[in-house]
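Secondary and tertiary structure notes
Here is what each chain is made of, one letter per residue.
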Amino acid sequence: LDTQRFDHWNFEFQRNDALVMNLLQSSPRIVSLYSHCAGTVVTEAAVQDLSDVVVPFGGYMPEEEEFNEDGVDPLNNLTSSEKLDIALEMAEAIADMHGYSGGVLV
């Protein structure tokens, strides 16, 4: 069970996330919000956690790779085209937040 300390900062962080998801609910690139109460947000289910695919090893580089002198090793199995697709989708979602008619959402 992963728990966080519930304090004012965490409450505001969750509230702001819920507010942004609600404001951008018409965007197909923003996660749909179904419910929000205090520190809980109910959203649409994700097919897969992107971080598991893009950043394997829990986000930490394996020790044996830390000083790899053979060049850059991406440590994932994504093709260049898949990486470009992910980058484009992320950029489009950010553009939705920055292009919001009520002002920039950051």
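Each remark here, short or long, concerns the structure printed above.
We now turn to the structure provided with this report. (Residues numbered from 1 in each chain as written. Predicted model: local features only at pLDDT ≥ 70, side-chain atom pairs only at ≥ 80, totals over all residues. Heavy atoms only, no water.)

The helix and strand inventory of the protein stands at 3 helices and 2 strands. Scanning the protein from its N terminus toward the C terminus, one meets helices and strands in the order α-β-β-α-α. In the protein, which comprises 106 residues, the proportion classed as buried is 13%. Entry remark: accessible area of the protein is about 8,700 Å², with carbon and sulfur atoms responsible for 55%. (Helix = DSSP H or I, 4+ residues; strand = E, 2+ residues; numbered from the N terminus. Buried < 20%, exposed > 50% of the residue type's maximum accessible area, 1.4 Å probe, protein only. Areas by Shrake-Rupley, 256 points an atom, 1.4 Å probe, with all protein chains shown as cover.)

Moving on: the side chain of Asp96. Within the fold, Asp96 resides in helix 3 (residues 80-98). Looking at Asp96, the relative accessible area reads 18%, which means it is buried. A polar contact is formed between the side chain of Asp96 and the side chain of Ser27, at a distance of 2.5 Å. Setting aside residues up to four positions removed in sequence, Asp96 forms contacts with Leu24, Ser27 and Arg29. (Polar contact = N/O pair within 3.5 Å; in protein donor to acceptor, adjacent residues only side chain to side chain. Contact = heavy atoms within 4.5 Å.)

Moving on, we get to the packing of aromatic side chains. Within the structure shown, the criterion is met by 1 aromatic pair. Relative to Phe13, the ring of Trp9 has its centre 5.3 Å away and its plane inclined at 15°; by these criteria the two rings are stacked. In this pair, Trp9 and Phe13 are both assigned in helix 1 (residues 8-23), 4 residues apart and thus about one turn of the helix distant. A residue is classified by how much of its surface remains accessible, and Trp9, at 59% relative accessible area, is exposed. (Phe/Tyr/Trp six-rings, centres within 6.5 Å; stacked < 30°, edge-to-face > 60°.)

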